[in-house]
Amino acid sequence: MADKFAAIQDFWSSFGVPAYDEYSVPTGDNAPKFPYITYSLSYDTFDHPVSMVVNVWTRSTSWGSALRKFAEIEKTISAGKYIECDGGAILIRFGSPIMNRLGDDNDDLIRRLLINITAEYIISKY
C-alpha cells in the first residue's frame, strides 16, 4: 500500500493525464505537454483538514477539454473520496469555491481550472 504522499500522486495521476506536484513540474525541454494536472501538497494530523489546490491545464481555443476533465474529477470526488494509504486513508473533498476558470497572461490559448480541495489524513502512523 502506498504511503500518504505517493497515494496523493497516484490519485491525481488516475485521471488519464500526467500529474505533478506544483514544485516538481519539469521545465525546458522536459516541460509537460498539455493537458496535465498540478497539485499543491499539504499535510496535517487527524482531525485537521488541510486545503490544497489542483490545477487542470489545457491549451486550446475552447474550454471544452478542461471542463470535461473537471467533470471527471467532480464525478469522482463529489461526495468525498477515500484514498487508501499506509495505516488508513485520506478523505478528499471539494473546498469553496469548487472551481475557478483562469487564463495565462503569456499565452491566450492556455485554459486553467483551479480546483479547491480539502484533505483529511485519517491514518494511524505518521
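Up top is the structure these notes are about.
J.: How should the overall build of the protein be read in this particular structure?
T.: From N to C terminus, the protein includes two helices and six strands. If you list the helices and strands of the protein from N to C, you get α-β-β-β-α-β-β-β. Its C-alpha radius of gyration of 15 Å places the protein within 12% of the 14 Å reference for a compact globule of 126 residues. Dimensions of the protein, computed from the C-alpha atoms along their principal axes, are close to 45 × 30 × 20 Å. When burial is assessed residue by residue, the protein has 40% of its 126 residues classed as buried. Partitioning the contacts of the protein with sequence separation of at least 6, the portion at a separation of at least 24 is 59%. For the protein, the accessible surface area stands at approximately 7000 Å², while carbon and sulfur atoms represent 49% of it. Averaged over its 12 positive side-chain charges, the protein has a centre that lies 7 Å from the centre of its 16 negative ones.

J.: Looking at this structure, how should I read unusual backbone geometry?
T.: Of all residues except glycine, most have a negative phi; of all peptide bonds, most are trans. The omega torsion across Phe34 and Pro35 is -5°, close enough to zero to call that bond cis. As for its position among the elements, Pro35 is in the loop between β1 (19-21) and β2 (36-39).

J.: Whenever I open this one, the pairing of strand β6 (residues 110-123) confuses me. Can you help?
T.: Note on strand geometry: in a regular strand, side chains alternate between the two faces of the sheet. With 12 of 14 residues buried, β6 is to be regarded as a mostly interior element. One ladder, built from 10 bridges, connects strand β3 (residues 50-59) with β6; its direction is antiparallel. Paired with Val54 across the strands is Ile115, a residue of β6. Note: strand β5 (residues 88-102) against β6, 11 bridges, orientation antiparallel.

J.: Please clarify how the sheet that holds β2 should be interpreted in this entry.
T.: By definition, the strands of a sheet pair up through backbone hydrogen bonds, in either a parallel or an antiparallel sense. Within the open sheet, the six strands sit side by side as β1-β2-β3-β6-β5-β4. Their pairing is mixed. In this open sheet, the two edge strands, each paired with only one partner strand, are β1 and β4 (81-85). Averaged over all pairs of adjacent strands, the angle between their axes in this sheet comes to 30°, without regard to strand direction. Across the face of the sheet, helix α1 (residues 4-13) comes into contact with β1, β2, β3, β4, β5 and β6 while running at roughly 130° to β4. The sheet strands contacting helix α2 (residues 64-77) are β2, β3, β4, β5 and β6, and the helix crosses β5 at an angle near 145°.

J.: I tried to follow the environment of Met52 on my own but got confused; where do I start?
T.: Looking at where Met52 falls in the secondary structure, it is placed in strand β3. Put simply, Met52 and Gly64 are 12 residues apart on the chain and 24 Å apart in space, counted from C-alpha to C-alpha. Not counting the four nearest positions on each side in its chain, Met52 is found in contact with Ile8, Ser40, Leu41, Ser42, Ile115, Asn116, Ile117, Ala119 and Tyr121.

Calculation rules
- Residues numbered from 1 in each chain as written.
- Predicted model: local features only at pLDDT ≥ 70, side-chain atom pairs only at ≥ 80, totals over all residues.
- Heavy atoms only, no water.
- Helix = DSSP H or I, 4+ residues; strand = E, 2+ residues; numbered from the N terminus.
- Rg over C-alpha atoms; globule rule 2.2 N^0.38 Å.
- Buried < 20%, exposed > 50% of the residue type's maximum accessible area, 1.4 Å probe, protein only.
- Contact = heavy atoms within 4.5 Å.
- Areas by Shrake-Rupley, 256 points an atom, 1.4 Å probe, with all protein chains shown as cover.
- Lys, Arg positive; Asp, Glu negative; His and termini not counted.
- Charge placed at Lys NZ, Arg CZ, Asp CG, Glu CD.
- Pairing = 2+ DSSP bridges.
- Axes fitted to C-alpha atoms, helices over the stretch in contact; angles between N-to-C directions.

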